[in-house]
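Residue-level structural notes
Listed below are the residues making up each chain.
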Amino acid sequence: MSIKSVIKYGLCMVLIFSAYAFAGHRFEKRTIKDVTISFTDSKALFISEKNVNKLLIQNIDSVESIALENLDLNEGELRLIDNAMIRGAEVSVSLEGEVNVLVEQRMPIARLMLSSQVYLDADNKIMPLSPEHTAFVPLVYGYKEIFNEKLFKLINFINEDPFLKPAITQISFDKKGEVTMQIRAHDHDILLGKIEDLQHKAMNYKAFIAKMEKDNRLNQVKTIDLRYKNQVVSIKK
C-alpha cells in the first residue's frame, strides 16, 4: 500500500471517528423530551403514572431538565422493581430523547383479613394494599402462614374455574386448616373441609347446584357440605 493510500485511509478513519464522537456528544447533551408510561394490564392501576414517573426521575423537579447522559436506565428499572406494587419494569430511551417505560404490576389474588390487611399475589407473595385501587378478590379469614400453600392452591383452582371464580367471595380457615366458603349469588355456605380432591368436590357442588336450581329449591339451602367423598350433604334454612 502506498503512502498516499495510507494517508487517505487514515483521513477516512479520522472522519468516521469524528462523526461518531460528534453524534455521541450531541446525544449526551440532549435532554429528555417526554416520558411515556405503559402498563401490561391497565384495567386496575395499583400505582399511578405520576408515581411511576417520580420513581424514575427521583428528586428532579422536571423531566425536561434531565440530560440523557444522566439517565441511568438500569438504576431506574431497579427503583421501579423495588416498589411494592411493581413486578417488573423495562425502561428505554430513543435518540430523540423520548423515554418509554413498560410496567408490569403485581397481581393480587386474595385479601388476607389480618390485623394489618394485605394481599396475597399471583407469585404467592405478600403484597401491601394500594392507596390507588382496591382489588376485588376473595377475602380470607383465619389465615396463618402454615396455610399459605393450601390457600394458594385453592385460589388458583378457583380462578381457573369459570363457574367458581365469579362466585366465591370469602374463604375462612378454622384452627385445623379446614375451609368454609361463601358465595356471591346465593345465601349459603360451602363446607369444603380439607383442601384436597378439589376437582371432585367442585364437580359435586356444580351438580348439586344444577339440581336445586332445576327444582327451584336453591333458596331453601343454608349450607352445602362437600367434605364427604361420595355425597353432598345440605342443611336447610
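Keep in mind that what you see is a predicted model, and the values were worked out from it rather than measured.

Turning to the side chain of Asp-225, a few remarks are in order. Counting through the fold element by element, Asp-225 comes out in strand β11 (residues 221-225). In terms of polar contacts, Asp-225 uses its side chain to reach the side chain of Arg-227, at 2.7 Å. Other than its neighbours up to four places away in sequence, Asp-225 contacts Leu-191, Gln-231, Val-232 and Val-233.

Owing to its 3.6 residues per turn, the α-helix aligns residues three or four sequence positions apart on the same side. Helix length check: helix α5 (residues 198-214) (17 residues) gives 24 Å between terminal C-alpha atoms against 24 Å at 1.5 Å per residue, within 8%. All of the buried residues along α5 are Leu-198, Lys-201, Ala-202, Asn-204, Tyr-205, Phe-208, Ile-209 and Met-212. When α5 is viewed along its axis, its buried side chains cluster within an angular range of 160° and face the same direction. In α5, the exposed residues that point more than 90 degrees away from the buried face are Gln-199, Met-203 and Lys-214. In the core, the buried residues of α5 are packed alongside α4 (148-159), β9 (179-183), β10 (189-193), β11 and β12 (233-236). With its phi angle positive at about 60°, Asn-216 sits one or two positions after the end of α5.

Attention now moves to the confidence of the model for the protein chain. The predicted model of the protein chain averages 84 in pLDDT, with 80% of residues at 70 or higher. Residue range residues 17-27 is modelled with pLDDT below 50. Its contacts to residues more than four positions away, or to other chains, number three contacts.

Okay, the environment of Ile-171 next. Counting through the fold element by element, Ile-171 comes out in strand β8 (residues 168-173). Take Ile-171: its relative accessible area is 0%, and that puts it in the buried class. Between the C-alpha atoms of Ile-171 and Gln-182, which are eleven residues apart in sequence, the distance is 6.7 Å. Not counting residues up to four positions away in its chain, the partners in contact with Ile-171 are Pro-138, Leu-139, Val-140, Tyr-141, Leu-151, Leu-154, Ile-155, Ile-158, Val-179, Thr-180 and Met-181.

Further remarks concern unusual backbone geometry. Backbone geometry places Asp-197, a non-glycine residue, at a positive phi of 50°. Residue placement: Asp-197 occurs in the loop between β10 and α5. Exposure remark for Asp-197: the relative accessible area of 47% places this residue in the partly exposed category. With a phi angle near 60°, Asn-216 is a residue other than glycine that sits in the positive phi range. With respect to the element layout, Asn-216 can be found in the loop between α5 and β11.

Cut-offs and rules
Residues numbered from 1 in each chain as written. Predicted model: local features only at pLDDT ≥ 70, side-chain atom pairs only at ≥ 80, totals over all residues. Heavy atoms only, no water. Helix = DSSP H or I, 4+ residues; strand = E, 2+ residues; numbered from the N terminus. Polar contact = N/O pair within 3.5 Å; in protein donor to acceptor, adjacent residues only side chain to side chain. Contact = heavy atoms within 4.5 Å. Expected span 1.5 Å × (residues − 1). Buried < 20%, exposed > 50% of the residue type's maximum accessible area, 1.4 Å probe, protein only. Arc of directions from axis to C-beta. pLDDT = per-residue confidence, 0-100.

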